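# Summary of structural features
Chain by chain, the residues run as shown.
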Amino acid sequence: MIKIRNLSKSFGNKRVLSGLNFEARDGETLVILGSSGTGKSVLLKSIVGLMKPTNGSIMINGADITKCSSMELHEIQKKMGYVFQEAALFDSLTVEENVAFGLTALSDLSKKETTKRVEECLSMVGLKGIEKLKPSDLSGGMKKRVAIARTIAYRPQYIFYDEPTTGLDPIMSDVISDLIIYLRDNLKVTSLAVSHDMKSAHKIADRIIMLYKGDIVFEGTPKEVDETDNAIVRQFVSGSSQGPIEAERTFQL
Amino acid sequence: MSINKTANISNEIGFFAHLLSIAYSVLEGIGEAARMSVETFFWIFRGKISISNTVSQMVEMGWRSLPIVALTSFSTGMVIALQVGTATTNMFNEPIFVGMIMGFSLVLELGPILTAVVVTGRVGAAITAEIGTMKVTEQIDALYTLGTNPVKYLAVPRFLACLTMLPLLTVIANIVGMYGGLIVTTSSWDVTAAQFMRDALDIMTVKTFFHGFIKSIFFSLIIVITACHKGFNAKGGAEGVGKATTSSVMLSLVLILVSDYFLSSLLVSLRIK
Ligand SMILES: Nc1ncnc2c1ncn2[C@@H]1O[C@H](COP(=O)(O)OP(=O)(O)OP(=O)(O)O)[C@@H](O)[C@H]1O
Ligand SMILES: [Mg+2]
């Protein structure tokens, strides 16, 4: 269980998150919505310990990761996987070595089992026969999928997806949505997924929260999202440029 | 008038605040570099060393730097022999002390310094650029989330490789440089190779060798710590990596050249000369 209390984060004078409170229960997929630049990536990075929050607590399995020692943090981090928005593949390693990286570092599988797992995970994201390629030889969407394969390979208990389907074609993005559901149902993975892809969000989410100006303005099931009369959420879901969320621009139609 | 004065004072305050902030960031940088070095030693003493990574770094730093290091010291050896030989011939009608001056200047100074400068340009820049790029593309963060300490994975192999390869390259540079000098001396003047070598080796002791060797170990620490530190602290995309690389090379060169004097005088006072 992930429990966030009063989480805030500022960069200098700029306040990005101001006092968030929410939970992700074990075995559920929580989708985080929000406009570009509201701090979704910052939120995920704070939860996995890549950024230090300015204030507040982040409890994972009952341990507050903002207060525990680096050894304890390391133990907790072993159970977490992060899919970076920009993939962040190791460009000096091949695809195979990338996907095997977490396995070698965090598990004690034999070489043969590792190779098998790598192949298995790559085919789960719809990639085959690219093991020997370098990340620079891949398309953006392929990189993203390799990044997902790299994260699921070592079977973390918590997975944080930063826009897992951005940059994928509609079919591939549905495959990835299915994969996230598969991991939840079969491996009891708890996931936090940032997404702009409403179709995928709808499909994978058990619950959805919406960030707006550093705060959570909505929390509920996908069904409740459909039925809400919260103007901010409605505008975001329908993807309209007119409404309470002001799209900053210099022209009007 | 009083407005002028206030403006002056606030200008001065601004100036001192600026100085203070520079001093602060320098100290902060030193602190961070020190912390990284301590962490590096921590992993080394715990024996958490990736052999394959370390060996491939050794090949990259040692073997691939060999041609440029050899070329540099060979031509430097040649030109010193030419200059010393010509000068002494002008004064005494024959070239004297050429072997001796060459031996001393190479083993004590030029070998360690030239090798360190070449390796800074070649290896230090590459380390900063590589680690810096990994930093700005979140690959360092990815290492963390995959249960791998970036210092252990990236800094330790480079540290060990630099620490072993620079002194080794320095020894090779000394030998190659002497050989360059020997070729010029024996072909330009009536000096035999045996005479040249006797000149060079007669007054040199093990301590002379250690003087240069200790310095090159120290320089290797400067190069690798500066390079890793600047890489890990790169920020701001391609431009940031470029800036980090430039400042890594500049800082490394300045530290090497300045510390050389103090290090030499310390070694001399310890009678390692
Ligand atoms: N390291 C940093 N230093 C300063 N400001 C930062 C830093 N990282 C993020 N920010 C700021 O925090 C805000 C939130 O950034 P974040 O990357 O979390 O946005 P996001 O919600 O993920 O947007 P997107 O959907 O476009 O990915 C942005 O305004 C950004 O400028
Ligand atoms: Mg983001």
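Because the structure is predicted, anything quoted here is derived from the model rather than measured.

### Examining the overall build of chain A
- The number of helices and strands found in chain A is nine helices and 10 strands.
- Taken over the C-alpha trace, chain A has a radius of gyration of 18 Å; the compact-globule value for 253 residues is 18 Å, and the two agree within 12%.
- In terms of overall dimensions, chain A has C-alpha extents of about 55 × 45 × 35 Å along its principal axes.
- In chain A, buried positions account for 52% of the 253 residues.
- Put simply, of all contacts in chain A between residues at least 6 apart along the chain, 63% involve residues at least 24 apart.
- Counting 33 positive and 32 negative side-chain charges, chain A places the centres of these two groups 3 Å from one another.

### Notes on the interface of chain A and chain B
- Taken together, the 20 residues of chain A in the interface contact 14 residues of chain B.
- For the pair chain A and chain B, the summed buried surface comes to about 1500 Å²; carbon and sulfur atoms form 63% of the total.
- When the buried surface of chain A facing chain B is broken down by residue, Leu50(A), Phe90(A) and Phe101(A) rank first, second and third, together holding 31% of it.
- At the boundary of chain A and chain B, one finds one salt bridge.
- Taking the shortest distance from any N to any O, the salt bridge between Lys45(A) and Glu138(B) comes out at 2.4 Å.
- At the boundary of chain A with chain B, the tally comes to three residue pairs in polar contact (both at pLDDT 80 or more).
- Elements supplying a minimum of two residues to the side of chain A that touches chain B: α2 (70-77), β6 (80-83) and α3 (95-106) of chain A.
- At four residues, α3(A) tops the list of elements feeding residues into the side of chain A that touches chain B.
- Taken together, the residues of the side of chain A that touches chain B break down into 13 nonpolar, three polar and four charged.

### Some words on the sheet that holds strand β4 (residues 55-60) of chain A
Residue and element names in this part refer to chain A.
- An order of β2-β1-β4-β5 is seen for the four strands of this open sheet, with the pairing classed as antiparallel. In the strand order of this sheet, the two ends are held by β2 (14-24) and β5 (63-64), each with one partner.
- Bridge analysis of strand β1 (residues 2-11) against β4 gives five bridges, and the strand direction is antiparallel. If you follow Ile 4 over to β4, its bridge partner there is Ile 58.

### Focus: the side chain of Asn174(B)
- Checked against the element boundaries, Asn174(B) lands in helix α6 (residues 150-188).
- Of the residues examined, Asn174(B) reaches a relative accessible area of 9% and is grouped as buried.

### Focus: the confidence of the model for chain B
- Put simply, chain B has an average pLDDT of 91, and 97% of its residues get 70 or more.
- Interface confidence for the predicted complex, expressed as ipTM, amounts to 0.91; the pTM equals 0.90.

### A short note on the coordination of the magnesium ion (ligand 2)
- Protein-derived coordination of the magnesium ion (ligand 2) comes from Ser41(A) (OG) and Gln85(A) (OE1), at a distance range of 1.9 to 2.2 Å. Taken together, the residues Ser41(A) in helix α1 (residues 40-48) and Gln85(A) in the loop between β6 and α3 connect sequence positions 44 residues apart.

### Description of the packing of helix α4 (residues 98-136) of chain B against α6(B)
- Between α4(B) and α6(B), the shortest axis-to-axis distance is 8 Å and the interhelical angle comes to 145°. When the axes of α4(B) and α6(B) are compared, the crossing they make is right-handed.

### Observations regarding a nonpolar patch on the surface
- Residues Phe15(B), Phe16(B), Leu19(B), Ile22(B), Val26(B), Leu27(B) and Ile30(B) make up a contiguous nonpolar surface patch of about 700 Å² in total accessible area.
- Positionally, Phe15(B) belongs in helix α1 (residues 2-45).

### Quick word on the state of the cysteines
- According to the stated counting rule, one finds zero disulfides over all chains in the structure shown.
- Considering cysteine sulfurs only, Cys162(B) is the nearest to Cys228(B), which forms no disulfide, with 8.6 Å between them.

### What to know about helix α8 (residues 206-232) of chain B
- Under the 1.5 Å per step criterion, the end-to-end length of α8(B) is 39 Å for 27 residues, consistent within 8% with the ideal 39 Å.
- One side-chain oxygen of the residue at the start of α8(B) lies 3.2 Å from the amide nitrogen of Lys207(B), identifying that residue as Thr205(B).

### Looking at the pairing of β1(A)
- Strand direction decides the pairing type here: β1(A) and β2(A), joined by seven bridges, are antiparallel. Across the sheet, the residue bridging to Leu7(A) is Leu20(A), located in β2(A).

### Brief notes about the site of ligand 1
All names here are of chain A.
- Residues in close proximity to ligand 1 total 14 residues, the closest being Ser 36, Gly 37, Lys 40, Ser 41 and Gln 85.
- Contact between ligand 1 and Lys 14: an oxygen atom at 2.8 Å from a side-chain N or O atom of the residue.
- Backbone polar atom of Gly 37 to an oxygen atom of ligand 1: 2.8 Å apart, as the coordinates give it.
- When isolated, ligand 1 has an accessible area of 620 Å², and the protein chains bury 64% of it.
- Among the elements of the structure, β2 and α1 are those that each provide at least two residues to the shell around ligand 1.
- Looking at the shell around ligand 1, the element that brings in the most residues is α1, giving three residues.
- Considering only residue class, the shell around ligand 1 consists of three nonpolar, eight polar and three charged.

Cut-off values and rules
- Residues numbered from 1 in each chain as written.
- Chains lettered and ligands numbered in written order.
- Predicted model: local features only at pLDDT ≥ 70, side-chain atom pairs only at ≥ 80, totals over all residues.
- Heavy atoms only, no water.
- Helix = DSSP H or I, 4+ residues; strand = E, 2+ residues; numbered from the N terminus.
- Rg over C-alpha atoms; globule rule 2.2 N^0.38 Å.
- Buried < 20%, exposed > 50% of the residue type's maximum accessible area, 1.4 Å probe, protein only.
- Contact = heavy atoms within 4.5 Å.
- Lys, Arg positive; Asp, Glu negative; His and termini not counted.
- Charge placed at Lys NZ, Arg CZ, Asp CG, Glu CD.
- Buried area = accessible area lost by both parts, 1.4 Å probe.
- Salt bridge = Lys/Arg side-chain N within 4 Å of Asp/Glu carboxyl O.
- Polar contact = N/O pair within 3.5 Å; in protein donor to acceptor, adjacent residues only side chain to side chain.
- Nonpolar A, V, L, I, M, F, W, Y, C, P; charged D, E, K, R; others polar.
- Pairing = 2+ DSSP bridges.
- pLDDT = per-residue confidence, 0-100.
- Donors = N, O, S within 2.8 Å, 3.2 Å for Na, K, Ca; no water.
- Axes fitted to C-alpha atoms, helices over the stretch in contact; angles between N-to-C directions.
- Left-handed = near helix turned anticlockwise from the far one by under 90°.
- Patch = residues over 30% accessible without salt bridge, like charges linked within 9 Å, V, L, I, M, F, W, Y side chains within 5 Å.
- Areas by Shrake-Rupley, 256 points an atom, 1.4 Å probe, with all protein chains shown as cover.
- Disulfide = S-S within 2.5 Å.
- Expected span 1.5 Å × (residues − 1).
- Near = heavy atom within 4 Å.

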